[in-house]
Structures are given as structure tokens and as C-alpha cells.
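# Survey of secondary and tertiary structure
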Amino acid sequence: MRESLRKSGVDIIGDVPWGMHFCQFYQTKEDLMDILIPYFKAGLENNELCAWVIQSSEIEEAKAALRKAIPDVDVYFGKGQIEVIPHGDWCVNKGISDSERVLNGWIKKLDRALINGYDGLRLATDIFHLEKKYWGDFADYEEKLDSIIGNYRTMALCTYSLDRCNATEIIDVVINHRFALIKRAGKWEQIESSRHKKSEEKIRNLANIVESSNDGIVTESLDGIITSWNKGAEQIYGYSAKEILGKPASILEPPVLVEETKELAELIKQGDRIHHYETLRLRKDGRIINVSLTLSSVYDDSDKLTAISVITRDITESKKAEKELLKSEERYRIVTEQTGQVVYEYDSRTDKSSWEGAIEEVTGYSFKEFNELGKNVWIKNIYPTDKNSVGKEFQKVRKKGRKFKEELRLRKKDGTCIYVENSGVCLTDHEGQPYGAIGLLKDITSAKLAKVQLRENEERYRIATEQTGQLVFDINLETFEFKLAGAVREVTGYNPEELENLDKSALIESVHPEDRTELLDSFRKSFEKEKKFRVEFRFRKKDGNYTYAENSGVWLDDEGKVYRAIGVIKNITEWKLAIEKVEASEKKYRSFIKNFHGIAFQLDENFIPLFLHGAVEEITGYSEKEFMSWVKWKDIILPDDLSFVLKEEKKIRSPQSAGYEEIEFRIKHRDGRIRWINEVYQKIPQENGKPELYQGTIYDVTERKETEKFLENIETARKKEIHHRIKNNLQVISSLLDLQAEKFKNIELVKNSEVLEAFKESQARVISMALIHEELYKGGGMDTLNFSSYIEELVENLFRTYRIGKASTSLNMDLEEKIFLDMDTAVPLGIIINELVSNALKYAFVGREDDERIQIKLCREEFRESKDNMEGKNNKGLKKNSFVLIVSDNGTGVPESFDLKNPEGLGIQLVTALVDQLEGKIELKRDPGTEFIIRFMVEES
């Protein structure tokens, strides 16, 4: 019984009539209370008796939730307007074996509520603790409750936990309720039951029929309350839907026709039919109008009368519309021609027909020809077989005055055959007797050919899917009908017909027991989120053997309601076995890495690690996970070595690279220690133009480096000792030469002779070599010496030797700092300087007493990379520099007869020979004074 709309308290639902039976699916208690608290609050505030059936252990928690949301709820508890009832009192925990007894209990509670002055009963039942074996009994109870609740001042909300329902049970629940509430992406959504939509769809279909006219369509409940009101009704009566809904239909009766609405409703309840009943009705503004009423019954899917549909036509407006139609007939004809369809009207009373629209386009006949020939040209050109097959059905439709739709083959004027769709409605008079038809003819040849093409495509699709080795399925979730295609027998062992005829329980039993829960949970979760699904499970084929299968697909929805699932199932047994082999191989690899004392790595094209396995933490102090997340390998490289490492990376990236590199550098361990590592890596080319990868190994070579350093220190000490001994021996030789020269001085015959000069020159040469070894012994390096410092000491020694007692000769030295040369260069270069300076001291200033100047300059000219380095040889740290040595004086100069290429003196011969040994060049400038310019190249550390 419906009297007026009630406030549900739930925003997404709004106001609802009595007899509403709906459900809620929830995952958390917060979701449950989100709906139930406002639901009961609205009932209490609107004078309804409220009953909440829950588990006895949760009663106090429920009351606390109510008190928190409704401050004065204890007042309602005190006067008995709300009850929290344990499940056991209503047999919910262990099923409902006697559903009639439970339903009668609710009816009695409603009767008591009405006697006590309440407007009705508001129920809520939580089904969380219902045992699975009693699910069938409770579903039957829900169905019976749903079928009778519309007759009472009652509304009922049933709440279900999603964690306790599988996919099949969810479908059963939705079917037995008017609609369901479910939370998706944090928002509540309303999903209507397909069964309960049918009666409303009938009403909407009726509304669609008259929506293009000015007719009004009104739905009345069986007790005379207006429950729907279209725009046509608003135009006719002047009331808006907001003003009229929930009011009695008698409000539209004029004073002279009191009780007429009730009498007409009684006739409908008795099974009578009322068509085009002409009477009077009262508008909102007080005017009485003439109307034609058509009353019809509205049934639910169980053929139970649920409402009365009233179609109202204002006769005056209809007559005006007819006149307008006559005036615009030509315009109508032009418009219909543009539709590509033929519009016709036939009146059997006069046996006349009229045709409009694209007549020539569809039939080949002109407008004039078709209208002159009338219906005969139509009947004549229908294929006889089609005429016979549709004739009987059309007669049935015609007698009942219903809509019709049929497909026929029609022969056009030129003899070609086309397919046409003939659709329309049979016209009936005020007594319900058919007298004609209005319809449309549409050329559907292209659509028919498309269907043929579709069938062919479906056959090709079937053949193609069979070749993929996969089973393709299409499931209708409302009817649970499913279609199969593809390699059904190959995947399952069943024929498609056998598998389609299996019920859903048998299909679920074919899944391995250990995989069923995961499979159903995966479906449920993806269904709730309307996402794609993909799940692996074991399936028992027809022969009883299990295979691994992968089920993947997608849920399809229409206006927020999921109604269909499409996907594929493929046999992945071979793939699973291959995975097991890979896992076994991975296990062996892990075992190898576990005992591996280095680091195995792979890098992407930007030298970013893809993986690091092995003794990562032992060598670096950081875990593999840290390197893959926030620690960068370059950050632990010692800054002094970073540029070298980056240079090597750039080298291996170049196309000219051999693709293999081995380098050693230092890193900083997490604990602060400096560790030497040896890194070997190679370039891995990729196919299809993909970026190259790099892989290799890293070892801690700190102990080896420390050992090498120790041995190097020993070698350094040994070399220092050797240099010290050589220097001492050369000084002994120099002393012996000096003693011998002193001895010759005392002999009168050799005074001022060449013998003494030869001894002095030999002594200077020995001293120049001894100074080199002294510098090497004093310096930190054992193989190179600071040559600029050496020159200064050498020249000072020469000045002491050759200019004793004469202080007028000045020395100007322009020596570049930090020129380090090895012994192979320093010894010959030292002798060259010794010869040139000693010659200047001996011969350049003969006969002069003042302004005697000697200049020595040594500097680099330009940088040039070592030839070995340019050829890719492993001469690390070496570069080749070009040097210039200039020894000049402002003395008398050399004679014009002096030939540098063929010198006669032993000293100059020694100079040119040593310049050739250095692979250098010597140049002589004569004016003013004498200037020797020597250019040479040296590999400098």
C-alpha cells in the first residue's frame, strides 16, 4: 500500500514510497554505518517504528553508534520507537526454514505500530553471520518478502558483507531487491535490479509513445495516489510534478463527478478495459476541460497488478492539432521525403491509404503513381512467401491494436529486390476495434547484407580463434548465459556445447580446490572496481588431468551497471613448466652469487645499475637495495679518480671502442675506508636498435695494491741507495782527477798545457753526472728529477770552477719551474749545458774585463699527446712535451770558419752527438755574441 513518498535518509536514494525493498553491500563497518545511521534517523524523525536485526554480540556497539549520531535516541528507545533485535529472535543465523512465520511476525509488528499511531514500519537486517548452508532458505525468504512488501506500509533494507558473498550470491541478492547500494572509488552508487525495472519500463514505454504529442500520462497506485506525472499531464492540468505527486487522483475530479476516478479504478481492478473514455476534468486554475481517458493495468513480472496507467488527451487541443496538420501537410510531405523512409496511413473503413516520404527512392515508383495505385501496388510487390508468413501474425497484432514490426522482401518498379522494414501501430476506435494502421517503410537492404557479412566474419572469427590456441568467452551476467569460441576442446577437453550446458557449480568444481577461493576473490575485487581481470588457476579437463590456465578479460557496464564479461582462457602449462626451470636456474645462479667474492653487475645505456649481485655490501658497505634506490655508484668513487672513470666510460661508449675495458680506481667504503677496486666491463649490443647494455665484474684489490705499494717502497729505497753510491763513486773520481791535476801543476813542463785543461773538463763532466744522482737521491722520485733546480746547481759549480778570482761575469737564468725529466734525458742534457757554459766561460770573454753576460733559458714550447697514447697503447699518465734550451753570451763570438755540422773541438762534437741522441735539433746564432738554441721532445711524467 502506498500513500506518499517517505524520506529514506540516504542522499543517493532520496524520497521513496512505502513497499521499498533494497539492499546494501559493504566492506567495512564504517561503510555499513554510513547508510544505516541516516536511514534510521529519517525513520525516527518521520514517526516510523524502526527495527534493526543484528548479531547479539554487536547490539551495544550499534546502540553506541546511534547515540553518537542521534543525541536524543535514548528518548526513542524509551518509548519503544526503535528496537535492536538479536538475529536469533528472527532465525537469521541458521536460515529461515519457515519464511511464512517470519513474514507474519513482521506484519504483526506493523499492525501494532499502526495501532500505536506510527505511520509505518522501517526494517534493517544484517546478513553477515548467515551460514552458507542456509543461504538458499534465506534467498527464498527475500524473494517472498519482495513480492508482498508493496502491499504494506513498510520499507526494508538488507545489508550484506562483500567478503562473505561470491559472484553468484551477489547476483542472487541484487535480483531479489528493488536496487542495491555499493561503494565504488569512495562514492555510493545505486544499481537497479533488472527484474524490478520491468514494470517501470512498461510505464516509460507508454510515456515514450505519447511523448511526441500533448497527451498526459499518469500512474496511479491501487489506492488512488498519483505516483508519476509527465510533461503532457502538466500542460493539460496545470499542476507541476512536484505539486501533484503523492496527492489523490480525485483532486482532478470536478464537483459534478465525485467518486468517478474511484469507480474507473475499480473497473480496471476487475479486469475491464477502458479506452477513449470521454469525460470532464478540473484544471489547477479551476477551468473544467473535456478529455479522453484511456486506463490500462500495469503488472510486475509475476503478472501481479501493481498500478494503473491513465493516458489523458485534451480533445479540444487534438482538434486544433488536426487543423494544423492539414495546413502543414505539404511541409510534412517534404520533411518525410528527407528521412529516406516511406510514411503511410491506411484506413480499413474506407479502404484508402496515403503515402508520403521517399517513395521513389525506396520503391522506384513516383509519388503520383504510388498514391493512385494505393495498397494494391504494395501487396502486389511483396514476395508471396513473405506475405504468407507475416499475414497471420499481422492479423493478431491488428486485432489487439498493438505495435508491429516485420521484415519483407519488396520488388521495386525496375524488378530489383530489396529488403524493407515495415513498422508501425494499429489504430483502434473508442471501442477498441482496429480500423487501420500508421507505419514506416525503410530500406534495410544494406543492413541485411551487413548481417550476412557479419555471419561470414563470425565464421572467420571462429576459425581464427581456434588457431590461437585460446578459449574466448562472453558471459551475460544477468542471465548467466555464456558463449564460447576458439580452441575450446584443446583447452578444456569438452565440446563447446558440453561446456555451455554445464551449470555454474560444475564449472567451479572443475577449478582445483586450492585455487577456487583466489579465483572467486579476484573476480569479486575486479567486479567491484570494474577493472580488467587476470588470474591463473588449475583447471580439470574432461579426461581428469589438471592443466595450468590463465583467465583474462574485462567487465562491460552500461550506465554504471556491469552486465557482461568478455575474455580469453589459455593453456599456460608449458609456460609454467618453463618458469619452474627458470626458477631452478635462478636458484643455481643465486647459489653462485652467494659464494662469489666479487660483484656481478649490469648497467643500462646511461651506466645506471640494472642489478648488482654478489659481495656488494662487503666491498662497498652499502646493500644492493640501496644502490638500486638512492645510492649512486659515482658518489662513492674517490673525487681524484672520478674524472678518469668517466673518461673510460666515454671511451667504451664510442663506436670505435673494442667493447672491453679494465680499470682500477678507488672508492670510499661506507665506514670511511678507502678501497681499491678492479672493474672489468664490456659492451653488450642489443637487437632491433635498442640501447646497448654494459655488464661485468668488480673485485676488491686493496690488499694487492697495498702489497704493490710496499714493494714499490722497497724498490724506491733500493734505487736511492744506488743513486747515493753512484754519486759517491763519481765524486771519488772527480777528487782523483783533481789530485792528478794538482800533481801535473807542480811539473814545469805541463803547466798551462792542454793536459790540465783536459783534466778540468773531465772533472766538470763527472760532476754534472754526479749532481744528477745527488738530485735523485734527495728528491722524492727515483726515476725523475726537477731539472730546473739541477741546472742552477750545475752552473753555479761551473762558475766556481772556471771563474775563480774573477767576479765580472754575470749569469741570467730563465728556467720554467717543475720540469721533471728522467735520467735518459737529464744526463745528456746536463752534459750539453756543461759543455756550452764551460766553453763560454773559457773562450767568450778573452781580453775583456767587464759586461760579461751568460744567459740560460729552458721552457716548454707546446703540448702534444704522446704518439703511443694516440695509438691506444697503455702508457698511462705520459704526455710528450716540446722543450727549448737556449745558452747564449755577449762575448766575442765564434770564428766565421766554425762549422757546427763538422766541429773540430771535442766539446762541440760531444754536444751535437748528445742532441742527436735526444732526437733534437740545434741552431747557432752568431751576432751579437753566440747563441745556441736546442729543441727536443721529452715524455714527461
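Conventions used here
- Residues numbered from 1 in each chain as written.
- Predicted model: local features only at pLDDT ≥ 70, side-chain atom pairs only at ≥ 80, totals over all residues.
- Heavy atoms only, no water.
- Helix = DSSP H or I, 4+ residues; strand = E, 2+ residues; numbered from the N terminus.
- Buried < 20%, exposed > 50% of the residue type's maximum accessible area, 1.4 Å probe, protein only.
- Contact = heavy atoms within 4.5 Å.
- Areas by Shrake-Rupley, 256 points an atom, 1.4 Å probe, with all protein chains shown as cover.
- Pairing = 2+ DSSP bridges.
- Axes fitted to C-alpha atoms, helices over the stretch in contact; angles between N-to-C directions.
- 1 Å grid on protein atoms, 1.4 Å probe; cavity = no way out; pocket = protein on both sides within 12 Å on 5 of 7 lines; lining within 4 Å.
- Points joined across faces, edges and corners; volume = space filled by probe spheres on them.
- Nonpolar A, V, L, I, M, F, W, Y, C, P; charged D, E, K, R; others polar.
- Salt bridge = Lys/Arg side-chain N within 4 Å of Asp/Glu carboxyl O.
- Parallel < 35°, antiparallel > 145°, perpendicular 65-115°, else oblique.
- Left-handed = near helix turned anticlockwise from the far one by under 90°.
- Polar contact = N/O pair within 3.5 Å; in protein donor to acceptor, adjacent residues only side chain to side chain.
- Core = buried A, V, L, I, M, F, W, Y, C linked by side-chain atoms within 4.5 Å.
- Phe/Tyr/Trp six-rings, centres within 6.5 Å; stacked < 30°, edge-to-face > 60°.
- Lys NZ or Arg CZ within 6 Å of the ring centre and 35° of its normal.
- Expected span 1.5 Å × (residues − 1).
- pLDDT = per-residue confidence, 0-100.

With that out of the way, let us pick up the overall build of the protein chain. When helices and strands are tallied, the protein chain shows 31 helices and 36 strands. The burial tally for the protein chain puts 42% of its 941 residues in the buried class. Counting contacts in the protein chain only where the partners sit at least 6 residues apart, residues at least 24 apart contribute 57% of the total. Accessible surface for the protein chain amounts to roughly 52700 Å². Of this, 51% is attributable to carbon and sulfur atoms.

The subject of this paragraph is the sheet that holds strand β14 (residues 305–314). With antiparallel pairing, the five strands of this open sheet are ordered in space as β11-β10-β14-β13-β12. The two strands at the open ends of the sheet, each matched to only one other strand, are β11 (226–229) and β12 (274–282). Here the strands of the sheet are splayed against their neighbours by 30 degrees on average, with no regard to which way each runs. Here three bridges tie strand β10 (residues 216–221) to β11, and the two strands are oriented antiparallel to one another. By the bridge assignment, Val218 is partnered in β11 with Trp229. Together, β10, β12, β13 (288–299) and β14 form the strand contacts of helix α10 (residues 260–269), whose direction differs from that of β12 by roughly 165 degrees.

So, on to the sheet that holds strand β27 (residues 660–668). What links the strands of a sheet is backbone hydrogen bonding, and the strands pair in either a parallel or an antiparallel sense. Spatially, the five strands line up as an open sheet ordered β26-β25-β29-β28-β27, and their pairing is antiparallel. Here the strands that pair on one side only, and so sit at the sheet edges, are β26 (609–614) and β27. Averaged over all pairs of adjacent strands, the angle between their axes in this sheet comes to 20 degrees, without regard to strand direction. The sheet contact formed by strand β28 (residues 674–684) and strand β29 (residues 693–700) spans eight bridges and is antiparallel. For Ile684, the partnering residue across the bridge sits in β29 and is Leu693.

The next subject is empty space enclosed by the protein. If you walk through the whole model with that rule in mind, you get six cavities of 30 Å³ or more. Put simply, the largest cavity is a space of about 130 Å³. If you trace the largest cavity, you find it lined by Val218, Glu220, Tyr237, Ala249, Leu252, Thr261, Leu264, Arg281, Leu293, Leu295, Val310 and Thr312. For the lining of the largest cavity, the secondary structure elements donating two or more residues are β10, α10, β13 and β14. If you add up the space inside the second largest cavity, you get close to 100 Å³. Contributing elements (two or more residues each) for the lining of the second largest cavity: α4 (99–115) and α5 (135–148). The leading source of residues in the lining of the second largest cavity is α4, at four residues. Per-class residue counts for the lining of the second largest cavity are nine nonpolar, one polar and no charged.

All chains considered together, the criterion is met by 39 salt bridges. A salt bridge links Glu61 to Lys29; its shortest N-O distance comes to 3.1 Å. Highlighted residues: Glu61 in helix α2 (residues 59–69) and Lys29 in helix α1 (residues 29–45), separated in sequence by 32 residues. Note that Glu536 and Lys576 form a salt bridge whose closest N and O atoms lie 3.3 Å from each other. Here Glu536, found in strand β22 (residues 533–540), pairs with Lys576, found in helix α22 (residues 573–594); they are 40 residues apart in sequence, far enough to count as distant. Residue classification places Glu536 among the partly exposed residues on the basis of a relative accessible area of 25%.

Running from N to C, α1 and α2 cross one another at 60 degrees; their axes reach a closest spacing of 10 Å. Between α1 and α2, the angle is such that the two are oblique. Between α1 and α2 the crossing geometry is right-handed. Contacts from Lys29, Met33, Ile37, Phe40 and Lys41 of α1 reach α2 at Glu61, Ala65, Leu66 and Ala69. When grouped by side-chain class, the residues that make up the contact of α1 with α2 number six nonpolar, no polar and three charged.

Our next topic: the pairing of strand β19 (residues 434–443). The pairing of strand β15 (residues 341–347) with β19 spans seven bridges and is antiparallel. Looking across to β19, one finds that Tyr344 is bridged to Gly439.

What follows is about the pairing of β29. Judged from the five bridges that link them, strand β25 (residues 599–603) and β29 form a sheet pairing that is antiparallel. The residue bridging Leu603 from the neighbouring strand is Tyr694, located in β29.

With that out of the way, let us pick up the environment of Lys247. Along the polypeptide, Lys247 turns up in the loop between α9 (241–244) and α10. Accessibility expressed as a relative area gives 37% for Lys247, which makes it partly exposed. Within the structure, Lys247 has its side chain in polar contact with the backbone oxygen of Glu243 (distance 3.2 Å).

It is worth spelling out the nonpolar core at this point. Within the largest apolar cluster, 41 residues are counted, with the highest numbers of intra-cluster contacts made by Phe787, Ile791, Ile832, Val837, Leu885 and Phe936. Going through the elements one at a time, α28 (787–802), α29 (823–844), β33 (852–864), β34 (879–889), α31 (906–917) and β36 (930–940) are the ones with two or more residues in this core. Examining the composition of this core, we find that ten residues originate from one element, α29, more than from any other. Those residues within four positions of Leu885 in sequence are excluded, and the remaining contacts are Leu829, Ile833, Ile856, Lys857, Leu858, Phe932, Ile933, Ile934 and Phe936.

With that settled, the discussion passes to the packing of aromatic side chains. Tallying each qualifying case throughout the model produces 14 aromatic pairs. Seen from their ring centres, Phe25 and Tyr160 are 6.0 Å apart, and the 40 degrees between their planes marks the pair as tilted. You can see Phe25 sitting in strand β3 (residues 21–26) and its partner Tyr160 sitting in strand β7 (residues 154–161), a full 135 residues away along the chain. Both residues of the pair, Phe25 and Tyr160, belong to the buried class. One Lys or Arg, Lys63, reaches over the ring of Phe77 and ends 5.4 Å from the middle of that ring. For Arg122, the ring lying beneath its charged end belongs to Tyr39, and the centroid distance is 4.9 Å.

Here α29 is 22 residues long and its end C-alpha atoms lie 30 Å apart, about the 32 Å a rise of 1.5 Å per residue gives. Among the 22 residues in α29, 18 count as buried, and that is most of the element.

What follows deals with the environment of Gly340. Along the chain, Gly340 turns up in the loop between α12 (329–338) and β15. Counting along the chain gives 19 residues from Gly340 to Ile359, while the straight-line C-alpha distance between them is 8.4 Å. The contacts of Gly340, once residues within four sequence positions are left out, are Ala358, Glu361 and Val362.

One can describe the packing of α29 onto α31 by two numbers: an axis separation of 9 Å at closest approach and a directional angle of 150 degrees. Between α29 and α31, the interaxial angle falls into the category roughly antiparallel. In terms of crossing hand, the pair formed by α29 and α31 is left-handed. Together, Asp824, Pro828, Ile831, Ile832, Glu835, Leu836 and Asn839 of α29 and Gly907, Ile908, Leu910, Val911, Leu914, Val915 and Gln917 of α31 make up the contact between the two elements. Looking at the contact of α29 with α31 residue by residue, the classes come out as nine nonpolar, three polar and two charged.

Averaged over the protein chain, the pLDDT score is 79; the fraction of residues at 70 or greater is 78%. With pLDDT under 50 throughout, residues 209–213 is counted as low confidence; its partners more than four residues away or in other chains account for five contacts.

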